[in-house]
Each structure stands twice: as C-alpha cells, then as structure tokens.
Amino acid sequence: MVQDLSKRLFERAQRVIPGGVNSPVRAYRAVGGSPPFVARGQGCRIWTAEGKELIDYVGSWGPLILGHAHPRVVSALLDAVRRGTTFGAPTEGEVRIAEAICALYPSVDKVRLVSSGTEAVMSALRVARAATARPLAIKMEGCYHGHADQLLVRAGSGGLTLGVPDSAGVPEEIARLTITVPYNDLGAVAAALASNPGSVGAIIVEPVAGNMGVVAPAQGYLEGLRKLADEHGALLVFDEVITGLRLGIGGAQDRYRVRPDLTCLGKILGGGLPLAAYGGRASAMNLVAPEGPVYQAGTLSGNPLAVAAGLATLQVLGEGGIYERLEAHAARLEEGLRAAARDARVPVVVNRVGSLLTVFFTSSPVVDLASALRSDRDRFARFHQGMMRRGIYLPPSQFEAWFVSVAHGDEDIRTTVQAAVDVMPQLL
Ligand code: PMP
C-alpha cells in the first residue's frame, strides 16, 4: 500500500509525460520496477512520496556535493528570491561567479553562463568551430556531452542505458560532423586527426568519464590529447560538467594538471539550480556575441536564484577540508564494497576517482566503453533492487556514477556497506 503512491503517480505521469519522466534514465527501465517519487531531501537522505527514507548516492546526478537543502544554500536562495527571480538584465552575482570561475580555473579568462550542461557544451563546440574555421569534432565513445545533435553520437548516460547511444532525429549530415573513437586510446585520436587533415576543430572529452560509469584517464592520456590538439590546430574541450568543482575545486584539469582551451561546467556550479557555463582563453571567448560573431543567448542565463545557490556552494567548497573528507569517505565506501563483493565471490571492478564511483559487475578492468559493456547488467539490476529494499538509493543504471557528498557521514557509509554485504551473496 505504501508503495502505491509512487506507482499511482507514475501511472498518471505516463499519460502526460513521455515515459512518465522528464529525463530518460529516471524511468528505471534498466533495473525494472518503477521509480520512487521524491517528496523531500535533507543532507544525504531523501524521502519518497510514501515516506520511505533512503540514503542518496544520486545527488541529483552530481550537483548536490553539499547534500540536500544545505542551510547556506537555502539561506542564499531565500535572500535572493525576495529580491526577484529574474530580470533579463545583468546582476552583480553574475560578475562575482564569473570572477570566481576565472580565479579557480586558470585556463578560463572569460566565461559565459548558461542554464544546462547541454547548452554549455553545445556552445563551446560552436566557439571551437568558429575559432578554427573547421567543422569536425572528435568525441570519445561512451562520453556524454548533453543532447545537442552533434553530440548525440555514440553517447553514454541514458542513451547507453536504454541502448540508443545514437538518437533518431539527428540527421546523418550532422552525425557525420562527429568522429568517435574509444576512450583512453590516443592512437585512435591520432589516426582520426591524420585522416581528416585540417578539418577537426575540437577534441572533446570528459577528463574523467562519468557517463559509461566512472572510467579514469590512463596515465598520460589527457596530456596526449593536449599534445595532439596542439599539433593539429584543434581546440581541446574539457567537459567538466561532472568533474568540475567535484574532483577538487579546480576540477579534473587541476587534478591532472592539463589545461584545456575550453571548459564546460554545470551541475555543482548551480548548487542544485539550473546553471552551467563555458569558458576559456580570451581569444576564443571574445568570439561570442555581442563581442564577436558566434551567437549564443538565453532568457534565463545567469538566473539570480541559480547564481545565488552557486555562489553559496562555491563559498562552502572554498572553506577547506571538503575534498579531503569526500576522498576519505568515498575511499571507505570503495573498500567496503570491494570487500563485500570479494567475500561473496561476486566479481566486481570498482572504479573510483575522488567522490565519483561505479561498481561494475565484471572481472576485467574497465577502461573504455567496450570493457564497460562487458558488465553483467542483470546482476547490476538485482543489486540495485536489493540495495533499494535496504534503503540505499543508487543510480538506476550500470553505466552511471555514484555521487558521494559531504553530507554522507561514517554511519551512512557503514550502513551502505552493510547493505552490500547483505545483497551481494544473493547475486550468485
Ligand atoms: N556533460 C556531462 C559530462 C554530463 O554528465 C551531462 C549531464 N549528465 C551533460 C554534459 C549535460 O548536462 P545537462 O543534463 O545539464 O544538460
């Protein structure tokens, strides 16, 4: 009976929303059953419409590094909302957050605020094509960069989960502008550049992949991409929509010490509200209208509420100790999950970088899309269901990252590991 409320809502939703959800992976097709509807969240926990309490490792798919309803974010939002929600005119907060981004990301001289990661990456690619006067982009199989036409080619995340990494409705002519190569394969990038001389304007990558599950860059991979981009006159675009402000306040580019030409941020930047950004060298960003000829605009871009939540989040992240705590808790989770699987003799590979983690149900290393796809998805689905029954809310797909937040404490990690200890033996 308790379960019924979410089920009833889902039935109603399916009548008026495609698949009943506003983003495909929320529909639970990969793990079976129907999604719980969420009524509220606090810290690392959410409560479903029925009132069931869950420890949340989805964190709205990345933004909630501080957990749900962090008091500083809530207070900044309350202050902002009283002053009005949108003006379509410049506000001081936009300047402050742009200055903060430029200070934290030395590769970024100038930055434009937008409302979603999709918009950020789509616009960055437009800038790269304009800066180089070249039409093609190289992207890595299993990386997801939002749902702009040119980037919905061999994409990860929901498309991969549902088995449609290439979307209907993307004209062949546009798909042909994107060359896909395996992640972590510099030779394939070099070959693609060599066979399209003078035509590749952008090499775009998730510096740590999060959308085929978490896959770390091999040693030298990002440096190699930097070198190839320079040699061939292409711009290197880091899609740090997930990794930015998560793998350290300076993102993956600071962690791995590789400077891209253009950077895309999102998720954490808006502190749980819709905000994203793209930025880079002044020479490239000065191409953006009204300074230059690349058109890009948005009614709600730099929205005051989103900027206020983002600024409050940045402030907390800058106060120190946050990333050390995330690292320690995520490492403990990783070790606990690995031990639970080992004791139950269930083969798993746990890939973790900082507070991003995926448990792949496979015995061989996961370094790219092909190896990720060797995972046992049926086993993952049963793991997901078992964990959910024990109050642990995981991303409903083998090919997504778990997001640890600073709100996850020792006790929450212990509870999660204990749930895995209980569930793993049932998966054989
Ligand atoms: N890039 C990456 C790396 C992402 O993970 C996502 C979304 N998960 C996007 C871009 C698109 O962002 P949005 O969903 O905000 O459009």
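These numbers come from a predicted model, not from an experiment.

Caption draft 1: Structural view of the site of the ligand. Taken together, Ser-116, Gly-117, Thr-118, Tyr-144, His-145, Gly-146, Glu-206, Asn-211, Asp-239, Val-241, Ile-242 and Lys-267 form the complete shell of residues around the ligand. Between a nitrogen atom of the ligand and a main-chain N or O atom of Tyr-144, the distance comes to 3.4 Å. Note that an oxygen atom of the ligand is positioned 2.9 Å from one of the side-chain N or O atoms of Asn-211. Relative to its free-state accessible area of 390 Å², the ligand is covered by the protein chains to the extent of 81%. The class makeup of the residues in the shell around the ligand is three nonpolar, six polar and three charged.

Caption draft 2: Spatial organisation of the packing of aromatic side chains. Summed over the entire model, instances satisfying the criterion amount to six aromatic pairs. By way of ring pairs, the aromatic residues Tyr-57, Phe-361, Phe-380, Phe-383 and Trp-402 are connected into one cluster. If you follow Arg-40 out to its NZ or CZ, it ends over the ring of Trp-47, 4.0 Å from the centre.

Caption draft 3: Quick look at the sheet that holds strand 3 (residues 53-56). On the basis of which strands lie adjacent, the open sheet formed by four strands has the order 1-2-3-13 and mixed pairing. Strands with a single pairing partner mark the edges of an open sheet, and in this sheet they are strand 1 (38-42) and strand 13 (392-393). Where strand 1 meets strand 2 (residues 45-48), four bridges bridge the pair, whose relative direction is antiparallel. Looking across to strand 2, one finds that Arg-40 is bridged to Trp-47.

Caption draft 4: The arrangement of the pairing of strand 7 (residues 200-205) in detail. The element strand 7 is largely enclosed, with a buried count of six among its six residues. Sheet analysis places strand 7 next to strand 8 (residues 235-239), joined by four bridges and oriented parallel. Residue pairing across strands places Ile-203 opposite Leu-236, the latter belonging to strand 8. Taking the sense of rotation as the criterion, the β-α-β connection linking strand 7, helix 8 (residues 221-232) and strand 8 turns out right-handed.

Caption draft 5: Seen up close, the pattern of salt bridges. Enumeration according to the criterion identifies 19 salt bridges in this entry. With its nearest N and O atoms 2.9 Å apart, the salt bridge here joins Arg-226 to Asp-261. Residue Arg-226 is found in helix 8, and its partner Asp-261 is found in the loop between helix 9 (251-255) and strand 9 (262-265); the two are separated by 35 residues along the sequence. For the residue pair Arg-226 and Asp-261, the accessibility class agrees, reading buried in each case.

Rules used throughout
Residues numbered from 1 in each chain as written. Predicted model: local features only at pLDDT ≥ 70, side-chain atom pairs only at ≥ 80, totals over all residues. Heavy atoms only, no water. Near = heavy atom within 4 Å. Polar contact = N/O pair within 3.5 Å; in protein donor to acceptor, adjacent residues only side chain to side chain. Areas by Shrake-Rupley, 256 points an atom, 1.4 Å probe, with all protein chains shown as cover. Nonpolar A, V, L, I, M, F, W, Y, C, P; charged D, E, K, R; others polar. Phe/Tyr/Trp six-rings, centres within 6.5 Å; stacked < 30°, edge-to-face > 60°. Lys NZ or Arg CZ within 6 Å of the ring centre and 35° of its normal. Pairing = 2+ DSSP bridges. Helix = DSSP H or I, 4+ residues; strand = E, 2+ residues; numbered from the N terminus. Buried < 20%, exposed > 50% of the residue type's maximum accessible area, 1.4 Å probe, protein only. Right-handed = clockwise from strand over helix to strand, strands pointing away. Salt bridge = Lys/Arg side-chain N within 4 Å of Asp/Glu carboxyl O.

Taken by themselves, the reported measurements are silent on function.
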